[in-house]
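Residue-level listing of the chains:
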Amino acid sequence: MKNIVVLISGRGSNLRALLAAARAEDWERALGLRIAAVISSRPDVAGLQVAAEFGVPAQVLSHLDFQGRDAFDVALAHAIDAHRPDLVVLAGFMRVLTRAFVEHFAGRLLNVHPSLLPAFPGLGTHRRALAAGVRLHGATVHFVSSDVDAGPIVAQGVVSVRPDDDAESLERRVLEVEHRLLPRSVALVATGQVWLERDRVCARPGATAQLVLLAA
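What counts as what
- Residues numbered from 1 in each chain as written.
- Predicted model: local features only at pLDDT ≥ 70, side-chain atom pairs only at ≥ 80, totals over all residues.
- Heavy atoms only, no water.
- Axes fitted to C-alpha atoms, helices over the stretch in contact; angles between N-to-C directions.
- Helix = DSSP H or I, 4+ residues; strand = E, 2+ residues; numbered from the N terminus.
- Parallel < 35°, antiparallel > 145°, perpendicular 65-115°, else oblique.
- Left-handed = near helix turned anticlockwise from the far one by under 90°.
- Contact = heavy atoms within 4.5 Å.
- Pairing = 2+ DSSP bridges.

Q: Run through the packing of helix H1 (residues 13-24) against helix H7 (residues 167-190), naming residues and quoting values.
A: Interhelical geometry of H1 versus H7 gives an angle of 50 degrees and a closest axis separation of 9 Å. In terms of axis orientation, H1 runs oblique to H7. Crossing angle aside, the handedness with which H1 passes H7 is right-handed. For the pair H1 and H7, the contacting residues are Ser13, Asn14, Ala17, Leu18 and Ala21 in the first and Leu175, Glu178, His179, Leu182, Pro183 and Val186 in the second.

In structure tokens form, the structure reads like this:
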């Protein structure tokens, strides 16, 4: 059984999508995958209730309890390692990670970002996409590197930008893509269908077609 640890900081909508997919597709029996734990950087967020709803152990590790990023990341790595993870998934985890942390989990650390990277890294992606006048927007799942939102890309989901879109409507449609793209990507990486080799994403032929998702 391969263990997956999910890191969150908020409402947990991508966490819910992961857990729902794992349950519906019976990841434990069909794929040998288990979401072993959820760790939140904030207390009292809705994502912790999502974990409880699905019966997944969860804990809070607040960065406010530590003196600086290095100390927090050391404690976070220790908490993750207690679950012997084969994969760590950042699902709305709002912390910039240190180089040491990223290197410790190299090749086992995935993030979902609400833009078609390398366009619009960082925050405010939907507003910035509209301001730039792009016709296509979307979401990206990528391996985490030491640079923010710059790691090798695993998969992308694309939506058309509509003439009447505002940041809120665009966010809703992109989030729907994230909810489909992230579980698919996690399953492919965790089962070895997609992997990182010398900063290059490799995929078995049967997995390639699943790495792009087009939505209305």
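Q: Quick one: what's the story with the sheet that holds strand S3 (residues 58-60), residue by residue and with numbers?
A: Strand order in this open sheet of 8 strands is S3-S2-S1-S4-S5-S6-S7-S10, and the pairing throughout is mixed. Bordering the open sheet on either side are S3 and strand S10 (212-214), each of which pairs with just one other strand. For this sheet, the mean angle separating the axes of adjacent strands, direction not counted, is 20 degrees. Bridging between strand S6 (residues 136-143) and strand S7 (residues 153-160) involves 7 bridges; their strand directions are antiparallel. In the sheet register, Ala139 faces S7, and the bridge partner there is Gly157. Lying over the sheet, helix H3 (residues 46-53) contacts strand S1 (2-8), strand S2 (33-40) and S3, oriented at roughly 160 degrees with respect to S3.

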